[in-house]
Protein chains: 2
Amino acid sequence: MTRDTTSRGCVLALDVGGTKMSLAAVDRQGGILHRNVIASPARDPEKMLSSLLNLVSGGVESCRAAGLEVEAVGIAAAGFILQQDGLLLESPNIAWSMVPLRDLVAKAAGLPVFLENDATAAAAGEHFAGAARGVNDFVYLTMGTGIGGGAFTGGRINRGYRGTAGEFGHMTLDPTGPMCGCGRRGCLEALASGTALRRDAVRLASRDPGSLLYRQCGIDPAAVTGETVSDAAERGDRAALGAFDNVGYYLGLGIVNLVHIFDPEMVVLGGGMAGSGHLLMDNVRRVVAERGISCLVRDVTIIISALGGDAGVIGAAATAWEGIENEPAK
Amino acid sequence: MTRDTTSRGCVLALDVGGTKMSLAAVDRQGGILHRNVIASPARDPEKMLSSLLNLVSGGVESCRAAGLEVEAVGIAAAGFILQQDGLLLESPNIAWSMVPLRDLVAKAAGLPVFLENDATAAAAGEHFAGAARGVNDFVYLTMGTGIGGGAFTGGRINRGYRGTAGEFGHMTLDPTGPMCGCGRRGCLEALASGTALRRDAVRLASRDPGSLLYRQCGIDPAAVTGETVSDAAERGDRAALGAFDNVGYYLGLGIVNLVHIFDPEMVVLGGGMAGSGHLLMDNVRRVVAERGISCLVRDVTIIISALGGDAGVIGAAATAWEGIENEPAK
């Protein structure tokens, strides 16, 4: 690497979500120098795109005004992405279809742009500046409404042939299990996501009028959020703890499968549910030890992401830094 | 690559199994120049080792007598192997435990030696000289008494942190499913291996006295072999076809999981059951199309290994050629 690491270089890192878009200027060490967040007009594809382009252009100007040299733009977005083509095929929470996002942003910003699925980017972010810094073989799972992920093997992110690798949430764990958002049964996402946690909590509370959750929320499923379940579990509520037990069991089984498949040194858990990580971790580690093949699972470290809410922008930054090092600019 | 490919160089490739050991001299194009097969004294660890060392020494002498220059030895063996340490931890069918196989062979042969798990080696063999030649992202499954495998991502074999990656047979597909040889429930191996095929065939035949399998084998499970089930299925027997349907369903589900995880261009099926591949393939392809996420599975090619019974030695040869190119000799 011949790049001058003493210059005030940075990349612009953009985390594109259905609720908000976060932009950050990030240096080569993963330090966040500058930040901007705007709401996502996610239902209006044209407005969503023009807001995004304005956000990036404004970010480039702000950086230059502050004496920072912007070297590239990295974009992390939810959805199926053809990384090499810079094309967003579809996104679960944004009314976009077949958007050539990389080239549109490159034209507007006059900079090389690298586009990545948000979960793959977050895995790259853990390697760049998070829990897996210096770890060459690890599996990353992001757990929120859905479950996504990414794997590093031999120090490189696995993108796959088309760039859609890492759909760990759609690993079937029980062919007769509950329906998943993808239309299939018994996916890890249907059994161990935030959505599954709430569903299990409602089911357990509705059978247990003495539980705290029932007394708080009655039988109204809409009143049960991830936060109410976490809070009730923190206070020892049996319905909420039961829901965490169920989710931890299936998350543990999913991790066992991934350890048998990848033989990682480490498994990193991120996303919104990682904030309730301590409610899950004991159970997950127990299930992995009990249900895994001993000589394959016993030395694997399972930890919670160090990046929290910055996983998206740090991931986008990692994608951009990796991109300008490894590929010709586009 | 500066190696002179016009010289008469070869590697010695050794496939170590519980029944026999096969040795072959293999050139850089995957051509087999010379071959020797001996029985494995698998229950006597000392005798097994001395037979192996004699086989290799004899192979080196035969090659030299024929004017071939032996550049390295590649060994593919069943079991858990620490590839970087050249250590065989344990093997399912050989009375070996903690054998430093690489260094023992290197000392006896005076050559660099590279040791690999047999399924990982077979995946490397498919890339070297089989169905996946020129394919950088593929998943390989070997189906026999058990199920093993290996994955290539970005042109490299995934070995994992300790070298035990690719245990696809021990992916849980149904936590309440039948017991697996590993002591856990509902592994792919317990649902879709040759062992599972025979178990399902016995179960279906025992309920169906009109079936060909029942008339041939009665209720004696020992009389039902992989061959009898295949033969009966070829003749249209409903019990045997039902067993192939069950196995194909779970194999299809396992492949869906691996496609969602790796995003491969191709899935290659090898091992003893691949000989009955046509009885499985229609069902497997249908299950993958129906049970996978359409935009992730629709362009994936699923094919049968081109190497047949040579998968072991070609895999060992691929391991040796890769080893002398990428690593300092050991």
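Thresholds, definitions, all that
Residues numbered from 1 in each chain as written. Chains lettered and ligands numbered in written order. Predicted model: local features only at pLDDT ≥ 70, side-chain atom pairs only at ≥ 80, totals over all residues. Helix = DSSP H or I, 4+ residues; strand = E, 2+ residues; numbered from the N terminus. Rg over C-alpha atoms; globule rule 2.2 N^0.38 Å. Buried ≥ 20, exposed ≤ 12 C-beta atoms within 10 Å, placed from the backbone. Contact = placed C-beta atoms within 7 Å. pLDDT = per-residue confidence, 0-100. Pairing = 2+ DSSP bridges. Axes fitted to C-alpha atoms, helices over the stretch in contact; angles between N-to-C directions. Domains from an automatic or database assignment. Nonpolar A, V, L, I, M, F, W, Y, C, P; charged D, E, K, R; others polar. Least-squares fit on C-alpha atoms with pLDDT ≥ 70 in both. Core = buried A, V, L, I, M, F, W, Y, C linked by C-beta atoms within 7 Å. Parallel < 35°, antiparallel > 145°, perpendicular 65-115°, else oblique. Expected span 1.5 Å × (residues − 1). Arc of directions from axis to C-beta. Left-handed = near helix turned anticlockwise from the far one by under 90°.

Outline the overall build of chain A, listing residues and values.
Per the secondary structure count, chain A includes 11 helices and 13 strands. The C-alpha radius of gyration computed for chain A amounts to 20 Å, which stays within 12% of the reference 20 Å derived for 330 residues, consistent with globular compactness. The principal-axis extent of the C-alpha atoms belonging to chain A is close to 60 × 45 × 35 Å. Among the 330 residues that make up chain A, the fraction classed as buried is 55%. Contacts in chain A between residues far apart in sequence, at least 24 positions, make up 65% of those at least 6 positions apart.

Break down the confidence of the model for chain A for me, with residues and values.
Residue and element names in this part refer to chain A. A residue-level look at chain A finds 97% of positions with pLDDT of 70 or above and a mean pLDDT of 92. Below pLDDT 50 for its whole length, residues 1–6 participates in 1 contact with residues either more than four positions away or in separate chains. Quick note on the complex model: pTM equals 0.92, ipTM equals 0.91.

Any details on the sheet that holds strand β8 (residues 113–117) of chain B? Residues and values, ideally.
The strands that make up a sheet pair up through hydrogen bonds in the backbone, lying either parallel or antiparallel. All names here are of chain B. The 5 strands lie next to each other as β3-β2-β1-β4-β8, forming an open sheet whose pairing is mixed. Where the open sheet ends on each side, the last strands, each with one partner, are β3 (32–39) and β8. Between one strand axis and the next, the sheet turns by 15° as a mean value, whatever way the strands run. Here 5 bridges tie strand β4 (residues 69–77) to β8, and the two strands are oriented parallel to one another. Across the sheet, Ala76 pairs through a bridge with Glu116, a residue of β8.

Explain the environment of Asn117 of chain B to me, and be specific about the residues and the numbers.
Topologically, Asn117 of chain B is positioned in strand β8. Other than its neighbours up to four places away in sequence, Asn117 of chain B contacts Gly79 and Ile81 of chain B.

Describe the domain arrangement of chain A, listing the residues and the values that go with them.
Residues and elements named next belong to chain A. Along its sequence, chain A is carved into domain 1 (9–117 + 319–326) and domain 2 (131–306). Centre-to-centre separation of domain 1 and domain 2, based on C-alpha positions: 28 Å. Taken together, the contacts link 5 residues of domain 1 with 4 residues of domain 2. Split into classes, the residues belonging to the side of domain 1 that touches domain 2 amount to 3 nonpolar, 2 polar and no charged.

I'd like a description of the relation of the copies chain A and chain B, backed by residues and values.
Superposition of the two copies of the chain requires a rotation about an axis and a shift along the axis. Here chain A sits on chain B after a turn of 180° about the axis and a move of 0.0 Å along it, with an RMSD of 0.1 Å. Taken together, the rotation and translation relating the two chain copies correspond to the operation of a two-fold axis. A share of 100% of interface residues in chain A that are also interface residues in chain B marks the association as one of identical surfaces.

Could you give an account of the sheet that holds strand β10 (residues 147–153) of chain A, with specific residues and numbers?
Reading across the sheet, the 5 strands line up as β11-β10-β9-β12-β13 (chain A) and stay open at both edges, with mixed pairing between neighbours. Bordering the open sheet on either side are β11 (156–157) and β13 (301–304) of chain A, each of which pairs with just one other strand.

Could you give me a rundown of the interface of chain A and chain B, with the residues and numbers involved?
Contacts between the two partners involve 35 residues from chain A, matched on the other side by 35 residues from chain B. Listing elements by their share of the side of chain A that touches chain B, those giving two or more residues are α8 (238–262) and α10 (294–297) of chain A. The element that contributes the greatest number of residues to the side of chain A that touches chain B is α8 of chain A, accounting for 6 residues. For the side of chain A that touches chain B, the residue count by class is 17 nonpolar, 9 polar and 9 charged.

Break down the nonpolar core for me, with residues and values.
Residues Val11, Ile75 and Ala201 of chain A together with Val11, Ile75 and Ala201 of chain B are the most contacted members of the largest nonpolar core, which totals 225 residues. The contact partners of Ile75 of chain B, leaving out residues within four places of it in the chain, are Leu14, Val16, Leu101, Val105, Val113, Leu115 and Ala316 of chain B.

Break down the pairing of strand β8 (residues 113–117) of chain A for me, citing the residues and quoting the values.
In terms of burial, β8 of chain A is a largely internal element, 5 of the 5 residues being buried. Every second residue of β8 of chain A is oriented toward a common face, with Val113, Leu115 and Asn117 of chain A on one face and Phe114 and Glu116 of chain A on the other, all of them buried.

Any details on the packing of helix α3 (residues 118–129) of chain B against helix α11 (residues 311–326) of chain B? Residues and values, ideally.
Residue and element names in this part refer to chain B. Packing of α3 against α11 brings their axes to within 7 Å, and their N-to-C directions diverge by 80°. Taken as axis vectors, α3 and α11 run roughly perpendicular relative to one another. In contact with Asp118, Ala121, Ala122, Ala124, Gly125, His127, Phe128 and Ala129 of α3, α11 contributes Ala311, Gly312, Ile314, Gly315, Ala316, Ala318, Thr319, Trp321 and Glu322. Of the residues belonging to the contact of α3 with α11, the class tally is 10 nonpolar, 5 polar and 2 charged.

Which residues make up helix α1 (residues 45–65) of chain A, and what values do they have?
Residue and element names in this part refer to chain A. For α1, built from 21 residues, the straight-helix expectation of 30 Å at 1.5 Å per residue is met to within 8% by its first-to-last C-alpha distance of 30 Å. Those residues of α1 that sit buried are Met48, Leu52, Val56, Gly59 and Val60. Each buried residue of α1 lies within a common arc of 105° when the element is viewed along its axis, so the set occupies one face. Opposite the packed face of α1, turned more than 90 degrees from it, sit the exposed residues Glu46, Asn54, Glu61, Arg64 and Ala65. Contacts made by the buried residues of α1 are with β1 (9–16), β2 (20–26), β3 (32–39), β4 (69–77) and α2 (101–109). Immediately downstream of α1, the backbone of Gly67 shows phi near 80°, a positive value.

Tell me about the packing of helix α8 (residues 238–262) of chain B against helix α9 (residues 277–291) of chain B, residues and numbers included.
All names here are of chain B. Relative orientation of the contacting elements α8 and α9 amounts to 45°, with a least axis distance of 8 Å. In terms of orientation, α8 lies oblique with respect to α9. Relative to α9, α8 is oriented so that their crossing is right-handed. Touching Phe244, Asp245, Val247, Gly248, Tyr249, Leu251, Gly252, Leu253, Ile255 and Val256 of α8 are Leu279, Leu280, Asn283, Val284, Val287, Val288 and Arg291, all from α9. Residue composition of the contact of α8 with α9, grouped by class: 12 nonpolar, 3 polar and 2 charged.

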